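# Geometric and topological summary
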Amino acid sequence: MNLIDKDLKYIWHPCSQMKDYEELKPIIIDHGQGVYLYDKNEKEYIDIVSSWWCNLLGHCHPKINEAIKLQLDTLEHVIFANFSHEPAIALCEQLMDIIPRGLAKFNFSDNGSSAVECALKMSFQYYYQTGDTQKTRFMCFTEGYHGETIGALSVGSMDLYAKIYKPMLMDTIHIEAPDCYRCPYGKNRDSCEVECFVNAEAAFAEYANQTCAIIIEPLLQGSAGMRIYPPLYLKKLRSLCDKYNVLLIADEIATGFGRTGKMFAFDHAGVSPDIMCISKGLTGGYMPMAITITTNEIYDAFYADYNEGKAFMHSHTYSGNPLGCSAALAVQKILKEDHILEKATIRAEYLHNKLAATLLQHPNIGEIRHIGLINAIELVTDKSSKIGFDSKLRIGYKIYKRALEKGLLLRPLGNVLYFNPPLIINEDEIDKAVIRCRDAIYEALM
């Protein structure tokens, strides 16, 4: 039995309809280098989606490899309750230099959904312990995505992931999110006054007294199709949270560490959240690690004698794992010493211009929006009406299959194709990826 047959015999792949694998068999990857993946037949694939957005600095980066190897000979893991270690402490010190001001305390977990769960529980317990016991609900945004554990699904709004589980979910308050491509006010995201913010204002006026926190994907709703909106929205939301005494949770799991052109998406707005969740690029995609970062004010509400019952009884076996911390430290060193963000800014402009020049004339491409190196290609049946393809046609999936044939890993989000490459991608690699994408689109939509 070959590896493909063994895979199909044993493995239930995530976010997949396994029946599709009867036609499109699993691709067994042998090794990776930089932006490339190579299968067992030595065919190359440009990983333009950074393997679910986490591969920040390319595959098998020698400096990250070396950091993990060195740590492995010293300490692989230790219980993180009452014990600590140098890599975790050093990582927090370094992150303090780059996170939004006011954030100061780090609670470690092992994946993005867990970081969100931590933030939700932390917010709820904070108000419980400070006397505002009526604040028990959460606000979130339509088309939002924050993970697939029960709490995270509750503050998401995508039926694809959550609909079947609704009887299990918390009762949350959903605010109409910005949709700048199909703006109901006829405005442009680059010059509007976020007129759509009236939806948030109305929700706060009605529900803020029972709301402990609101969670948002800053500037970019990822799974909704890389929907990009202006920084002004975050500024107004910060003011609204202050006015109504509601905690602001930033889900920077997908947007952190330079993905949007700045270290964190909130940096574009010049304001800070009360709680920030980070993961994915934190370790360069090497090790499962996430951190929920919060303020001293929130931390202090949990600080008391043990018998007062104020401790945050939330834990993960692999919290603060030394190997993950060592990978994250190497990522921080590379970002700083190799001036990655500065170089990525130059490449971001090159990538967007290349995509626009190559693809925008196609009759079924309505918009190519971008922030940092992230570009989203919106497929429509007609440019003027902006109507997308019927989901049953699976247009994105057809393009995905064509792209794989050409050596491009281009995973669609419904009617949206996206480029979210490692920050180290160069112009030659961009040129290759854009041409492969163009050919896949034209062939699939013939």
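Okay, so let's go over this structure. Because the structure is predicted, anything quoted here is derived from the model rather than measured.

Below, the discussion takes up the sheet that holds strand 7 (residues 211-216). If you trace the seven strands from one edge of the open sheet to the other, you get 4-12-11-10-7-5-6, paired in mixed fashion. Only two strands of the sheet have a single partner each, and these edge strands are strand 4 (103-109) and strand 6 (173-175). Taking the axes of each pair of neighbouring strands and ignoring which way they run, one obtains an average angle of 20° across the sheet. Sheet topology places strand 4 next to strand 12 (residues 290-295); six bridges connect them, and they run antiparallel. Note on strand 12: the bridge partner recorded for serine 109 is alanine 290. Strands in contact with helix 9 (residues 232-244) are strand 5 (137-141), strand 6, strand 7 and strand 10 (247-251); relative to strand 7, the strand with the most contacts, it is inclined by about 170°.

Attention now moves to the packing of aromatic side chains. Inspection of every chain in the model, using the stated rule, returns 13 aromatic pairs. Plain terms: the ring middles of tyrosine 145 and tyrosine 161 are 4.9 Å apart, the flat faces sit at 55° to each other, and that makes the pair tilted. In this pair, tyrosine 145 sits in the loop between strand 5 and helix 6 (150-154) while tyrosine 161 sits in helix 7 (residues 159-162), placing the two residues 16 residues apart along the sequence. The class of tyrosine 145 is partly exposed, set by a relative accessible area of 22%. Judged by centre distance (5.7 Å) and plane angle (55°), the rings of phenylalanine 204 and tyrosine 244 are tilted. Of this pair, phenylalanine 204 sits in helix 8 (residues 198-207) while tyrosine 244 sits in helix 9, placing them 40 residues apart in sequence. Under the relative-accessibility criterion, tyrosine 244 is labelled partly exposed at 25%. Among the aromatic residues, those joined into a ring-pair cluster are Phe141, Phe197, Tyr229 and Tyr233. Against the face of tyrosine 127 rests lysine 135, its NZ or CZ located 5.4 Å from the ring centre. A cation over a ring is seen here: lysine 386 above tyrosine 181, with NZ or CZ 4.7 Å from the ring centre.

Rules and cut-offs
Residues numbered from 1 in each chain as written. Predicted model: local features only at pLDDT ≥ 70, side-chain atom pairs only at ≥ 80, totals over all residues. Heavy atoms only, no water. Pairing = 2+ DSSP bridges. Helix = DSSP H or I, 4+ residues; strand = E, 2+ residues; numbered from the N terminus. Axes fitted to C-alpha atoms, helices over the stretch in contact; angles between N-to-C directions. Contact = heavy atoms within 4.5 Å. Phe/Tyr/Trp six-rings, centres within 6.5 Å; stacked < 30°, edge-to-face > 60°. Buried < 20%, exposed > 50% of the residue type's maximum accessible area, 1.4 Å probe, protein only. Lys NZ or Arg CZ within 6 Å of the ring centre and 35° of its normal.

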